[in-house]
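Coordinates in review
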Protein chains: 2
Amino acid sequence: MNKLKDFRHVILYGLLLAMLIFALKWLQWKFVLVDNAIDIYIGAIALFFTILGIWVASHIMKPKVETLIVEKEIIVQPPEVFTLNTSELQKLNLNSREYEVLQLLAKGHSNADIAANLFLSVSTIKTHVSNLYFKMDVKSRTQAITKAKQLKIIE
Amino acid sequence: MNKLKDFRHVILYGLLLAMLIFALKWLQWKFVLVDNAIDIYIGAIALFFTILGIWVASHIMKPKVETLIVEKEIIVQPPEVFTLNTSELQKLNLNSREYEVLQLLAKGHSNADIAANLFLSVSTIKTHVSNLYFKMDVKSRTQAITKAKQLKIIE
DNA sequence: GCAATTTTGGTACTAAAGTATGAGGATAAG
DNA sequence: CTTATCCTCATACTTTAGTACCAAAATTGC
C-alpha cells in the first residue's frame, strides 16, 4: 500500500517536470530578451524547485517515528489460589489415612463425625489422631489445625 | 532543543543561498555566451534546488509520534495480607472479651492457656467460650476456628 | 514367603472441653 | 435509681478428646 502511494508520487513528480519543461521554455523566450529579468527568472526556478523538493520529500520520505511508551497500570486481583506445600507434607511423613483424618479434623469435625464419615470406629480415629499429633508435634486438634494451615498442607 | 536545531538549519539554508547567488552569477557569465547551454544551466539549478528542498524538508519535518501503550500488571494486594471482615464481625455481636478469647482459641490455646494469658479463671474462659459458640452457632472450638477463618474475622 | 508398615479396633484411664445454672460486681443508658 | 449489658467466677455434671498399651488383619516391598 505504501509502496503504491510512493510510486504515485513519483509519477506525479515526473508529469510535473514534463509540464515544467514546456513552461520554462516559454518563460525563457519571454524573459531572455529582457536581460535584467534573468535573475528573477533563476530565483523563481530556485524557489519553485525548493518548494517542490520539500513537497516531494514530505510525501515520499518515511516519517521519523518517535515511540512514546505509556505504561498503563492494570489492577490484578490476587489469585488467592491454594498451593499445597508438598515438601512440608512429606517431612511430616503422614500416611494416607492420617492425612484424611487431618483434613476432616480441620473442617471442625469431631472424632465421632470422622469415624462415621470414613466408616471406621471412634477407636481407630483416636489412634490416627494420636499418631497425627505425635508426627506433627502438637498436643491438641486446635494446634494441629493451626499448624497444618500455617504449613499450607491443608486448605 | 528541537526549535534550536530547526533554526540552525534555516541559518544554514540562508548561508547556502547567499553563496549560491555568487556562484550563479559567475556561472551565468560563463554559460550565457554559449546559448545552447542555458537548458543545462536551468536543469542544474532545478535539480540542485530540488535536492536542497528535500534535504531541508528531511531536517525540518516534525517527527511522527507514535504512542505505544504498554500494559503493566500490578498486583495491588500481596496474597498474604489479611483484611479483617468488619461487617461479619459486627453481625456476630461479640463483646471485646469474647473476641479476645476467640483469637487465642484460634491460635491453638487450651482454656487453661487462655485463662493464664488473660489473668482469668478457667471458669470465666469456659463461660466466654460457651457464649462464643452460641453467638457463632457452632458446637466446638474446632468449628469456631474454621468458621472464624472462613469469615475472615481472625488472622 | 517373610518383614515392615499400614490400617484397623479394643480397653482403660486421664485430661480437657463443653453445658447448665447461679450469682456478684462494674459500668453505662434511660 | 433502675435496667441492661458486660465481665467475672463457681459448682456440678456430661461429653469429647487424648494417652497408653495391646493386637489382629491387610497391604506392600524385597
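Residues numbered from 1 in each chain as written. Chains lettered and ligands numbered in written order. Predicted model: local features only at pLDDT ≥ 70, side-chain atom pairs only at ≥ 80, totals over all residues. Heavy atoms only, no water.

Digging into the protein's contact with DNA strand C
Not every one of the 17 residues close to DNA strand C is listed here, only the nearest: A:Asn95, A:Ser96, A:Arg97, B:Tyr133 and B:Arg141. The sugar-phosphate backbone supplies 67% of the atoms of DNA strand C found within 4 Å of the protein. For DNA strand C, a phosphate oxygen lies 3.2 Å from a polar atom in the backbone of B:Asn111. B:Ser130 places a polar side-chain atom, nitrogen or oxygen, 3.1 Å from a phosphate oxygen of DNA strand C. Every element with two or more residues in the surface near DNA strand C is listed here: α4 (96–106) and α6 (122–136) of chain A together with α6 (122–136) of chain B. Per-class residue counts for the surface near DNA strand C are three nonpolar, 11 polar and three charged. (Near = heavy atom within 4 Å. Polar contact = N/O pair within 3.5 Å; in protein donor to acceptor, adjacent residues only side chain to side chain. Helix = DSSP H or I, 4+ residues; strand = E, 2+ residues; numbered from the N terminus. Nonpolar A, V, L, I, M, F, W, Y, C, P; charged D, E, K, R; others polar.)

Brief notes about the pattern of salt bridges
Residues and elements named next belong to chain A. Summed over all chains, the structure comprises six salt bridges over all chains. Salt-bridge contacts for glutamate 88 lead to lysine 91; the nearest nitrogen and oxygen are separated by 3.4 Å. A residue pair is termed a helical-turn pair when its members lie 3 or 4 positions apart in one helix, as glutamate 88 and lysine 91 do in helix α3 (residues 86–92) at three residues. Given a relative accessible area of 62%, lysine 91 falls into the exposed group. (Salt bridge = Lys/Arg side-chain N within 4 Å of Asp/Glu carboxyl O. Buried < 20%, exposed > 50% of the residue type's maximum accessible area, 1.4 Å probe, protein only.)

Things to note about the nonpolar core
In this structure, A:Leu102, A:Met136 and B:Leu102 are the most contacted members of the largest nonpolar core, which totals 47 residues. Not counting residues within four places of it along the chain, the set of residues in contact with A:Leu102 comprises A:Leu94, A:Leu132, A:Met136, A:Ala144, A:Ala148, A:Ile153 and A:Ile154. Counting six residues, the second-largest nonpolar core is a separate cluster that includes A:Ala46, A:Leu52, B:Ala46 and B:Leu52. (Core = buried A, V, L, I, M, F, W, Y, C linked by side-chain atoms within 4.5 Å. Contact = heavy atoms within 4.5 Å.)

Here's the deal with helix α4 (residues 96–106) of chain B
Among all positions in α4(B), only B:Glu98, B:Tyr99, B:Val101, B:Leu102, B:Leu104, B:Leu105 and B:Ala106 are buried. Considering only its buried residues, α4(B) is in contact with α7 (141–150) of chain A together with α3 (86–92), α5 (111–118), α6 and α7 (141–150) of chain B. Following α4(B) by one or two positions, B:Gly108 adopts a phi angle in the positive range, close to 100 degrees.

Here we look at a nonpolar patch on the surface
On the surface, A:Leu68, A:Val70, B:Val65 and B:Ile69 cluster together into a nonpolar patch covering about 350 Å² of accessible area. Within the secondary structure layout, A:Leu68 lies in strand β1 (residues 65–76). For A:Leu68, a relative accessible area of 45% corresponds to the partly exposed category. (Patch = residues over 30% accessible without salt bridge, like charges linked within 9 Å, V, L, I, M, F, W, Y side chains within 5 Å. Areas by Shrake-Rupley, 256 points an atom, 1.4 Å probe, with all protein chains shown as cover.)

Let's talk about the protein's contact with DNA strand D
Near DNA strand D there are 17 residues, and of these A:Lys126, A:Tyr133, A:Arg141, B:Asn95 and B:Arg97 occur at the shortest range. Here the atoms of DNA strand D within 4 Å of the protein split so that 67% fall in sugar or phosphate, with bases taking the remainder. A distance of 2.8 Å is found between a phosphate oxygen of DNA strand D and a side-chain nitrogen or oxygen belonging to B:Ser96. A distance of 2.9 Å is found between a phosphate oxygen of DNA strand D and a side-chain nitrogen or oxygen belonging to B:Thr124. Elements with a contribution of two residues or more to the surface near DNA strand D: α6 of chain A together with α4 and α6 of chain B. Here the surface near DNA strand D is composed, by residue class, of three nonpolar, 11 polar and three charged.

Geometric values such as these leave the question of function open.
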